[in-house]
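Examination of the molecular architecture
Here is how the chains run, residue by residue.
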Amino acid sequence: MQLDDLLGKTCVIGLSYFGLQGELMRQSQYAGRVGKIDAELGISITLQHSDAKEAAPADFILPPNLAAWFIAPPGQYRHPPSGVDMLNPDYLVTWNVYRTQDNKAEGQHEWWDWVPNTERPQVGAAA
């Protein structure tokens, strides 16, 4: 698969954020369609929300690394807290995002290291 193969494809994105000590801070889910691809800047996802009344969120940019992209099994993917509700997405994408600096004052930049989760996501598996 090449980066350009993703253009126009749909995806469900799972992100796990970890602190400096490796502790899980939070998890987020998003869904959308690949709108733009740049080999240096990243893969731009036009996000969608299950509630049409919700304002369209800004595009979400993922690193240009295909290691985190897996063909999704057919099915309905729902995560009500985040508004994810997608039927038969093309791909499942998971990233682990690690904080690399201590907390900064409001408005200061924080540094994060994005690591592709290279294990195929377990869909419908018992927790």
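One can find the structure itself at the top, above this paragraph.
The following paragraphs examine the structure supplied in this document. Owing to the predicted nature of the structure, the values given are computational and were not obtained by experimental measurement.

By size, the foremost hydrophobic cluster in this structure holds 18 residues, and its most contacted members are Ile-45, Leu-62, Trp-69 and Val-93. For this core, the secondary structure elements donating two or more residues are β1 (10-18), β3 (42-47), β4 (60-62) and β8 (91-99). Each residue touching Leu-62, except ones within four places of it in the same chain, is listed here: Ile-13, Gly-42, Ile-43, Ile-45, Trp-69, Val-93, Trp-95 and Trp-114. In this structure, Val-12, Ala-72, Tyr-77 and Met-86 belong to the second largest nonpolar core, which totals seven residues.

Here the focus is the pairing of β1. In terms of burial, β1 is a largely internal element, nine of the nine residues being buried. Every second residue of β1 is oriented toward a common face, with Thr-10, Val-12, Gly-14, Ser-16 and Phe-18 on one face and Cys-11, Ile-13, Leu-15 and Tyr-17 on the other, all of them buried. By the bridge criterion, nine bridges tie β1 to strand β2 (residues 24-38) in an arrangement that is antiparallel. Across the sheet, Val-12 pairs through a bridge with Ala-31, a residue of β2.

Mapped onto the elements, Gly-42 comes out in strand β3. Note on Gly-42: relative accessible area 5%, which makes it buried. Each C-alpha atom of the pair Gly-42 and Leu-62 lies 5.5 Å from the other, and the pair is 20 residues apart in sequence. Each residue touching Gly-42, except ones within four places of it in the same chain, is listed here: Lys-36, Ile-37, Ile-61, Leu-62, Pro-63 and Pro-64.

The rules we used
Residues numbered from 1 in each chain as written. Predicted model: local features only at pLDDT ≥ 70, side-chain atom pairs only at ≥ 80, totals over all residues. Heavy atoms only, no water. Core = buried A, V, L, I, M, F, W, Y, C linked by side-chain atoms within 4.5 Å. Buried < 20%, exposed > 50% of the residue type's maximum accessible area, 1.4 Å probe, protein only. Helix = DSSP H or I, 4+ residues; strand = E, 2+ residues; numbered from the N terminus. Contact = heavy atoms within 4.5 Å. Pairing = 2+ DSSP bridges.

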